[in-house]
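A look at the structure
What follows is each chain in one-letter form.
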Amino acid sequence: QLQLVESGGGLVQPGGSLRLSCAASGFTLDYYAIGWFRQAPGKEREGVSCISSSAGSTYYADSVKGRFTISRDRAKNTVYLQINNLKPEDTAVYYCGAARDFGITAIQAMCVLTYEYDGWGQGTQVTVSS
């Protein structure tokens, strides 16, 4: 139940691009907000980008604004994170989480560590190095 799988990570040079995928199995993501979080070695996990269940609201951390784009494909039951102009400081394990979205909580409030998500994926490694 509430199983999520991330994919698309890898080793890229600075300035390169990746598209991460968050796919659900056993349930539909239509009623869930999706958050992308990342955790670098020795650092706390942080919210990177989140999208509401309706896709009408999005959030981006200041450090990734203008470089990352979050979107959802309902036909594929998948949420994507397009990452452009990668920087070494983007190196981290990226996780996606799903949170039931009743249209009440602002997406900004759902994109923080203290918000309780209903399920998480196992993470995908992104490494940016020359």
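For the structure itself, consult the block above.
Being a predicted model, the structure only gives us computed values, none of them experimental. (Residues numbered from 1 in each chain as written. Predicted model: local features only at pLDDT ≥ 70, side-chain atom pairs only at ≥ 80, totals over all residues. Heavy atoms only, no water.)

1. What about empty space enclosed by the protein?
Just so we agree on the cut-off: Put simply, the grid is 1 Å and covers the protein atoms alone, a cavity is a trapped set of points that fit a 1.4 Å probe, a pocket is an open set with protein on both sides within 12 Å along at least five of seven lines, and lining residues have an atom within 4 Å of a point. Grid points are joined across faces, edges and corners, and a volume is the space filled by probe spheres set on the points. Labels follow the DSSP assignment, with helices taken as runs of H or I lasting at least four residues and strands as runs of E lasting at least two, numbered in each case from the N terminus. Think of it as three bins: nonpolar holds Ala, Val, Leu, Ile, Met, Phe, Trp, Tyr, Cys and Pro, charged holds Asp, Glu, Lys and Arg, and polar takes everything else, Gly as well.
Scanning all chains against the criterion turns up one cavity of 30 Å³ or more. Forming the boundary of the largest cavity are Leu29, Asp30, Arg72, Asp73, Arg74, Asn77, Thr78 and Val79. Sorting the residues of the lining of the largest cavity by element identifies β7 (68-73) and β8 (78-83) as the ones contributing at least two each. Partitioned by chemical class, the residues of the lining of the largest cavity number two nonpolar, two polar and four charged.

2. Digging into the environment of Val126
Rules: Any two residues whose heavy atoms approach within 4.5 Å at even a single point are treated as in contact.
For Val126, the location among the structural elements is in strand β11 (residues 124-128). As a C-alpha pair, Val126 and Pro88 span 38 residues in sequence and 9.7 Å in three-dimensional space. Sequence-distant contacts of Val126, defined by excluding residues within four places in its chain, comprise Gly9, Gly10, Leu18, Leu20, Leu86, Asp90, Thr91, Ala92 and Tyr94.

3. Observations concerning the pairing of β11
Let me state the cut-off plainly: Remark: exposure states derive from per-residue accessible area (1.4 Å probe, protein chains only) relative to the maximum for the residue type, with buried under 20%, exposed over 50%, and partly exposed in between. By definition, two strands form a pair when at least two bridges between them are found by DSSP.
The two faces of β11 differ: Thr124, Val126 and Val128 on one face are buried, but Gln125 and Thr127 on the other face are not. Sheet topology note: the strand β2 (residues 10-12)/β11 ladder contains three bridges and is parallel. Bridging across to β11, Val12 finds its partner in Val128. Sheet analysis places strand β9 (residues 92-100) next to β11, joined by three bridges and oriented antiparallel. Across the sheet, the residue bridging to Ala92 is Val126, located in β11.

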